[in-house]
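# Breakdown of the fold
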Amino acid sequence: MSKLRVAVLGAKGRIGSEAARSVEAADDLELVAALDRDDKIETLSEKGAQVVVDLTHPDAVMGNLEYCVANGIHGVVGTTGWTDERLAQLRGWLEAAPATGVLIAPNFSIGAVLTMQFAQQAARFFESVEVIELHHPNKADAPSGTAHRTAQLIAAAREKAGSPAQPDATTTALDGARGADVDGVPVHSVRLRGLLAHQEVLLGGEGETLTIRHDSLHHKSFMPGILLGVRRVVDTPGLTFGLEHFLDLNG
Ligand SMILES: NC(=O)c1ccc[n+]([C@@H]2O[C@H](COP(=O)([O-])OP(=O)(O)OC[C@H]3O[C@@H](n4cnc5c(N)ncnc54)[C@H](O)[C@@H]3O)[C@@H](O)[C@H]2O)c1
Ligand SMILES: O=C(O)C1=N[C@H](C(=O)O)CCC1
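Criteria and thresholds
Residues numbered from 1 in each chain as written. Chains lettered and ligands numbered in written order. Predicted model: local features only at pLDDT ≥ 70, side-chain atom pairs only at ≥ 80, totals over all residues. Heavy atoms only, no water. UniProt positions renumbered as here; feature names shortened; annotations may be inferred. Near = heavy atom within 4 Å. Polar contact = N/O pair within 3.5 Å; in protein donor to acceptor, adjacent residues only side chain to side chain. Areas by Shrake-Rupley, 256 points an atom, 1.4 Å probe, with all protein chains shown as cover. Nonpolar A, V, L, I, M, F, W, Y, C, P; charged D, E, K, R; others polar. Buried < 20%, exposed > 50% of the residue type's maximum accessible area, 1.4 Å probe, protein only. Helix = DSSP H or I, 4+ residues; strand = E, 2+ residues; numbered from the N terminus. Contact = heavy atoms within 4.5 Å. pLDDT = per-residue confidence, 0-100.

The name recorded for the protein chain in an unreviewed UniProt entry is 4-hydroxy-tetrahydrodipicolinate reductase, from Streptomyces monticola. Per UniProt, the comment on the protein chain under Sequence similarities (unreviewed entry) is "Belongs to the DapB family." Listed in UniProt under the heading Subcellular location (unreviewed entry), the comment for the protein chain reads: "Cytoplasm".

### Quick look at the site of ligand 1
Neighbouring residues of ligand 1: 20 residues in total, closest Arg14, Asp36, Thr80, Ala105 and Phe108. Between an oxygen atom of ligand 1 and a main-chain N or O atom of Ile15, the distance comes to 3.0 Å. Residue Asp36 places a side-chain N or O atom 2.5 Å away from an oxygen atom belonging to ligand 1. Out of a free accessible area of 870 Å², ligand 1 has 83% covered by protein chains. Broken down by class, the residue content of the shell around ligand 1 amounts to seven nonpolar, eight polar and five charged.

### As for helix α7 (residues 223-233)
Those residues of α7 that fall on the buried side of the exposure criterion are Met223, Gly225, Ile226, Leu227, Gly229, Val230 and Val233. Residues of α7 that are buried make contact with β1 (4-9), α1 (14-25), β2 (29-35), β3 (51-54), β4 (74-77) and β5 (101-104).

### Quick look at the site of ligand 2
Around ligand 2 sit Thr80, Pro106, Asn107, His135, His136, Lys139, Asp141, Ser144, Gly145, Thr146, Ala197 and Phe222, and those are all the residues in its vicinity. Within the side chain of Thr146, a nitrogen or oxygen atom sits 2.5 Å from an oxygen atom of ligand 2. Burial of ligand 2 by the surrounding chains reaches 84%, relative to a free accessible area of 310 Å².

### Observations regarding the confidence of the model for the protein chain
Per-residue confidence for the protein chain averages 98 on the pLDDT scale, and 100% of its residues sit at or above 70. Across the assembled chains, the prediction reports ipTM 0.99 with pTM 0.97.

So this is what it looks like as C-alpha coordinates:
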(Lines give C-alpha, C1' and ligand atoms only; values in the text may rest on other atoms or scores of the structure.)
(Ligands and ions follow the chains in the order given, each with its own letter.)
Protein backbone atom coordinates (compact mmCIF):
# COMPACT_ATOMS: atom_id res chain seq x y z
CA MET A 1 0.00 0.00 0.00
CA SER A 2 1.40 3.40 -0.92
CA LYS A 3 2.17 5.81 1.90
CA LEU A 4 0.19 9.01 2.41
CA ARG A 5 2.34 11.99 1.38
CA VAL A 6 2.40 14.53 4.20
CA ALA A 7 3.99 17.97 4.59
CA VAL A 8 4.43 20.04 7.75
CA LEU A 9 4.27 23.86 7.74
CA GLY A 10 5.97 25.49 10.73
CA ALA A 11 8.42 22.60 10.86
CA LYS A 12 11.05 24.56 12.79
CA GLY A 13 8.59 25.51 15.53
CA ARG A 14 7.91 23.91 18.90
CA ILE A 15 5.03 21.69 17.83
CA GLY A 16 5.86 21.58 14.11
CA SER A 17 9.28 20.00 14.71
CA GLU A 18 7.68 17.31 16.90
CA ALA A 19 5.00 16.72 14.26
CA ALA A 20 7.58 16.32 11.48
CA ARG A 21 9.39 13.67 13.57
CA SER A 22 6.10 11.84 14.26
CA VAL A 23 5.11 11.78 10.59
CA GLU A 24 8.57 10.50 9.66
CA ALA A 25 8.31 7.73 12.25
CA ALA A 26 4.86 6.51 11.08
CA ASP A 27 4.99 3.46 8.78
CA ASP A 28 2.01 4.51 6.68
CA LEU A 29 3.07 8.16 6.18
CA GLU A 30 5.85 9.80 4.18
CA LEU A 31 7.16 13.23 5.14
CA VAL A 32 7.61 14.87 1.73
CA ALA A 33 8.25 18.44 2.93
CA ALA A 34 9.07 20.16 6.22
CA LEU A 35 8.70 23.88 5.51
CA ASP A 36 9.04 27.00 7.58
CA ARG A 37 8.64 30.75 7.16
CA ASP A 38 11.22 31.33 4.39
CA ASP A 39 10.31 28.36 2.21
CA LYS A 40 8.18 28.59 -0.94
CA ILE A 41 4.66 27.25 -0.47
CA GLU A 42 4.72 25.94 -4.07
CA THR A 43 7.07 23.23 -2.74
CA LEU A 44 3.94 21.50 -1.43
CA SER A 45 2.70 20.84 -4.98
CA GLU A 46 6.18 20.17 -6.33
CA LYS A 47 6.62 17.43 -3.70
CA GLY A 48 3.15 16.00 -4.29
CA ALA A 49 1.88 16.57 -0.74
CA GLN A 50 -1.60 15.07 -0.19
CA VAL A 51 -2.03 16.39 3.37
CA VAL A 52 -0.53 19.49 4.99
CA VAL A 53 -0.23 19.88 8.74
CA ASP A 54 -0.29 23.61 9.57
CA LEU A 55 1.35 24.57 12.87
CA THR A 56 2.42 28.11 12.08
CA HIS A 57 0.95 31.41 13.28
CA PRO A 58 -2.50 33.03 13.17
CA ASP A 59 -1.11 35.59 10.68
CA ALA A 60 0.07 32.87 8.27
CA VAL A 61 -2.57 30.15 8.38
CA MET A 62 -5.17 31.69 6.04
CA GLY A 63 -2.68 32.22 3.20
CA ASN A 64 -1.42 28.67 3.64
CA LEU A 65 -4.92 27.19 3.55
CA GLU A 66 -5.97 29.25 0.55
CA TYR A 67 -3.06 27.73 -1.37
CA CYS A 68 -3.73 24.18 -0.11
CA VAL A 69 -7.46 24.16 -0.84
CA ALA A 70 -6.94 25.73 -4.28
CA ASN A 71 -4.50 22.90 -5.05
CA GLY A 72 -6.63 20.06 -3.64
CA ILE A 73 -4.31 19.44 -0.68
CA HIS A 74 -6.09 18.36 2.52
CA GLY A 75 -5.33 20.31 5.72
CA VAL A 76 -4.86 19.37 9.36
CA VAL A 77 -4.68 22.63 11.27
CA GLY A 78 -3.55 23.23 14.84
CA THR A 79 -2.78 26.90 14.35
CA THR A 80 -5.02 29.14 16.43
CA GLY A 81 -6.75 32.48 15.79
CA TRP A 82 -10.05 31.25 14.34
CA THR A 83 -12.95 33.70 14.08
CA ASP A 84 -16.39 33.28 12.49
CA GLU A 85 -15.21 35.43 9.58
CA ARG A 86 -12.15 33.26 8.96
CA LEU A 87 -14.21 30.08 9.13
CA ALA A 88 -16.72 31.50 6.64
CA GLN A 89 -13.91 32.36 4.24
CA LEU A 90 -12.44 28.87 4.53
CA ARG A 91 -15.86 27.28 3.94
CA GLY A 92 -16.16 29.38 0.78
CA TRP A 93 -12.82 28.07 -0.53
CA LEU A 94 -13.86 24.50 0.29
CA GLU A 95 -17.15 24.87 -1.59
CA ALA A 96 -15.08 25.41 -4.72
CA ALA A 97 -13.02 22.28 -3.95
CA PRO A 98 -15.64 19.74 -2.80
CA ALA A 99 -13.24 16.77 -2.60
CA THR A 100 -10.86 18.53 -0.22
CA GLY A 101 -11.00 18.21 3.57
CA VAL A 102 -9.72 20.48 6.34
CA LEU A 103 -9.65 19.56 10.02
CA ILE A 104 -9.18 22.43 12.46
CA ALA A 105 -8.43 21.17 15.96
CA PRO A 106 -8.19 23.76 18.75
CA ASN A 107 -6.36 21.02 20.64
CA PHE A 108 -5.00 17.67 19.44
CA SER A 109 -4.49 16.11 22.87
CA ILE A 110 -7.10 13.58 23.93
CA GLY A 111 -7.20 14.94 27.49
CA ALA A 112 -7.97 18.43 26.27
CA VAL A 113 -10.71 17.17 23.95
CA LEU A 114 -12.23 15.27 26.88
CA THR A 115 -11.96 18.36 29.10
CA MET A 116 -14.04 20.27 26.57
CA GLN A 117 -16.60 17.46 26.39
CA PHE A 118 -16.85 17.10 30.18
CA ALA A 119 -17.16 20.87 30.65
CA GLN A 120 -19.95 21.01 28.06
CA GLN A 121 -21.71 18.13 29.82
CA ALA A 122 -21.38 19.70 33.30
CA ALA A 123 -22.18 23.30 32.36
CA ARG A 124 -25.96 23.19 32.80
CA PHE A 125 -25.75 21.76 36.34
CA PHE A 126 -23.85 24.71 37.89
CA GLU A 127 -24.71 28.37 38.44
CA SER A 128 -21.16 29.60 37.82
CA VAL A 129 -18.42 28.59 35.39
CA GLU A 130 -15.08 30.21 34.57
CA VAL A 131 -12.15 29.01 32.45
CA ILE A 132 -8.48 29.52 33.32
CA GLU A 133 -5.85 28.66 30.71
CA LEU A 134 -2.15 28.67 31.53
CA HIS A 135 0.55 28.58 28.84
CA HIS A 136 4.22 29.23 28.10
CA PRO A 137 5.07 32.93 27.64
CA ASN A 138 6.05 32.51 23.93
CA LYS A 139 2.44 31.99 22.96
CA ALA A 140 1.16 34.59 20.45
CA ASP A 141 -2.56 34.53 21.22
CA ALA A 142 -4.80 34.94 24.26
CA PRO A 143 -7.05 33.39 25.21
CA SER A 144 -5.86 30.05 23.86
CA GLY A 145 -7.85 28.47 21.04
CA THR A 146 -8.75 25.66 23.42
CA ALA A 147 -10.10 27.99 26.11
CA HIS A 148 -12.04 29.98 23.54
CA ARG A 149 -13.64 26.81 22.19
CA THR A 150 -14.30 25.45 25.69
CA ALA A 151 -16.11 28.65 26.67
CA GLN A 152 -18.18 28.58 23.46
CA LEU A 153 -19.25 24.98 24.13
CA ILE A 154 -20.13 25.81 27.75
CA ALA A 155 -22.13 28.86 26.69
CA ALA A 156 -24.02 26.86 24.05
CA ALA A 157 -24.89 24.16 26.61
CA ARG A 158 -26.11 26.77 29.09
CA GLU A 159 -28.20 28.53 26.47
CA LYS A 160 -29.76 25.21 25.37
CA ALA A 161 -30.63 24.44 29.00
CA GLY A 162 -32.08 27.92 29.56
CA SER A 163 -29.52 28.72 32.28
CA PRO A 164 -29.72 32.28 33.64
CA ALA A 165 -26.78 34.70 33.53
CA GLN A 166 -24.05 33.85 36.01
CA PRO A 167 -24.15 35.48 39.46
CA ASP A 168 -21.56 38.27 39.70
CA ALA A 169 -21.97 41.36 41.90
CA THR A 170 -18.82 43.08 40.61
CA THR A 171 -19.44 46.78 40.03
CA THR A 172 -15.85 48.04 40.21
CA ALA A 173 -12.96 46.23 38.51
CA LEU A 174 -9.59 46.96 36.97
CA ASP A 175 -9.62 46.33 33.20
CA GLY A 176 -9.12 42.61 32.63
CA ALA A 177 -9.62 41.60 36.25
CA ARG A 178 -12.68 39.50 35.39
CA GLY A 179 -11.03 37.99 32.31
CA ALA A 180 -12.20 38.01 28.69
CA ASP A 181 -15.92 37.54 28.12
CA VAL A 182 -16.53 34.67 25.66
CA ASP A 183 -20.29 34.40 25.17
CA GLY A 184 -20.82 35.25 28.86
CA VAL A 185 -18.15 32.88 30.19
CA PRO A 186 -15.11 34.58 31.82
CA VAL A 187 -11.79 33.27 30.44
CA HIS A 188 -8.53 34.08 32.24
CA SER A 189 -5.09 33.71 30.59
CA VAL A 190 -1.86 33.07 32.51
CA ARG A 191 1.55 33.19 30.77
CA LEU A 192 4.33 31.64 32.85
CA ARG A 193 7.84 30.39 32.10
CA GLY A 194 8.02 26.66 32.78
CA LEU A 195 4.48 25.88 31.61
CA LEU A 196 3.43 24.30 28.33
CA ALA A 197 -0.40 24.09 27.95
CA HIS A 198 -2.85 23.75 30.83
CA GLN A 199 -6.51 24.50 31.46
CA GLU A 200 -8.93 24.49 34.37
CA VAL A 201 -12.69 24.74 34.10
CA LEU A 202 -14.16 25.83 37.44
CA LEU A 203 -17.83 25.13 38.01
CA GLY A 204 -19.73 26.20 41.13
CA GLY A 205 -23.13 25.65 42.69
CA GLU A 206 -24.58 26.04 46.19
CA GLY A 207 -22.07 24.42 48.59
CA GLU A 208 -19.93 22.66 45.95
CA THR A 209 -17.42 23.20 43.18
CA LEU A 210 -16.16 20.98 40.40
CA THR A 211 -12.74 21.53 38.81
CA ILE A 212 -11.85 19.89 35.51
CA ARG A 213 -8.12 20.24 34.85
CA HIS A 214 -5.93 19.16 31.97
CA ASP A 215 -2.15 19.45 31.59
CA SER A 216 -0.09 18.96 28.45
CA LEU A 217 3.40 18.40 29.80
CA HIS A 218 5.12 17.69 26.46
CA HIS A 219 4.38 18.33 22.79
CA LYS A 220 4.17 14.55 22.38
CA SER A 221 0.66 14.85 23.89
CA PHE A 222 -0.56 16.37 20.61
CA MET A 223 0.95 13.76 18.26
CA PRO A 224 -1.63 10.91 18.28
CA GLY A 225 -4.34 13.47 17.49
CA ILE A 226 -2.35 14.97 14.63
CA LEU A 227 -1.67 11.55 13.10
CA LEU A 228 -5.32 10.56 13.48
CA GLY A 229 -6.30 13.81 11.76
CA VAL A 230 -3.92 13.16 8.87
CA ARG A 231 -5.28 9.65 8.31
CA ARG A 232 -8.95 10.65 8.55
CA VAL A 233 -9.03 14.01 6.75
CA VAL A 234 -8.36 12.47 3.33
CA ASP A 235 -11.76 10.72 3.53
CA THR A 236 -13.61 13.65 5.12
CA PRO A 237 -14.34 16.42 2.60
CA GLY A 238 -15.34 19.88 3.80
CA LEU A 239 -14.58 21.54 7.11
CA THR A 240 -14.36 19.55 10.35
CA PHE A 241 -13.97 21.68 13.49
CA GLY A 242 -12.70 19.75 16.51
CA LEU A 243 -10.87 16.43 16.83
CA GLU A 244 -13.87 14.98 18.71
CA HIS A 245 -15.50 14.36 15.32
CA PHE A 246 -12.75 11.82 14.54
CA LEU A 247 -12.99 10.08 17.94
CA ASP A 248 -15.62 7.53 18.89
CA LEU A 249 -16.37 9.23 22.20
CA ASN A 250 -19.48 7.16 22.91
CA GLY A 251 -17.78 3.84 22.13
N1 LIG B 1 -4.07 22.51 18.27
C2 LIG B 1 -3.11 22.11 19.10
O3 LIG B 1 -3.21 21.03 19.72
C4 LIG B 1 -1.89 22.96 19.27
C5 LIG B 1 -0.85 22.57 20.14
C6 LIG B 1 0.27 23.39 20.24
C7 LIG B 1 0.33 24.57 19.51
N8 LIG B 1 -0.70 24.93 18.72
C9 LIG B 1 -0.68 26.14 17.89
O10 LIG B 1 0.25 25.96 16.84
C11 LIG B 1 0.81 27.22 16.47
C12 LIG B 1 2.33 27.13 16.57
O13 LIG B 1 2.72 26.99 17.92
P14 LIG B 1 4.26 26.85 18.36
O15 LIG B 1 4.29 26.95 19.82
O16 LIG B 1 4.87 25.69 17.67
O17 LIG B 1 4.87 28.21 17.73
P18 LIG B 1 6.35 28.45 17.21
O19 LIG B 1 6.51 29.94 17.12
O20 LIG B 1 7.33 27.66 18.02
O21 LIG B 1 6.35 27.81 15.75
C22 LIG B 1 5.70 28.35 14.65
C23 LIG B 1 6.60 28.13 13.43
O24 LIG B 1 5.87 28.51 12.26
C25 LIG B 1 6.77 29.19 11.40
N26 LIG B 1 6.01 29.99 10.46
C27 LIG B 1 5.45 31.21 10.62
N28 LIG B 1 4.86 31.60 9.48
C29 LIG B 1 5.01 30.58 8.60
C30 LIG B 1 4.61 30.38 7.25
N31 LIG B 1 3.90 31.31 6.57
N32 LIG B 1 4.93 29.20 6.64
C33 LIG B 1 5.62 28.25 7.29
N34 LIG B 1 6.07 28.40 8.57
C35 LIG B 1 5.74 29.55 9.20
C36 LIG B 1 7.66 29.99 12.35
O37 LIG B 1 8.87 30.40 11.72
C38 LIG B 1 7.88 28.98 13.46
O39 LIG B 1 9.01 28.15 13.20
C40 LIG B 1 0.19 28.25 17.43
O41 LIG B 1 -0.94 28.83 16.82
C42 LIG B 1 -0.25 27.40 18.60
O43 LIG B 1 -1.29 27.97 19.34
C44 LIG B 1 -1.81 24.16 18.59
O1 LIG C 1 1.31 26.13 22.90
C2 LIG C 1 0.31 26.61 22.31
O3 LIG C 1 0.34 27.70 21.71
C4 LIG C 1 -0.95 25.85 22.31
N5 LIG C 1 -1.94 26.28 21.57
C6 LIG C 1 -3.24 25.69 21.47
C7 LIG C 1 -4.29 26.64 22.01
O8 LIG C 1 -4.17 27.86 21.83
O9 LIG C 1 -5.27 26.17 22.58
C10 LIG C 1 -3.32 24.32 22.08
C11 LIG C 1 -2.49 24.16 23.31
C12 LIG C 1 -1.05 24.59 23.09
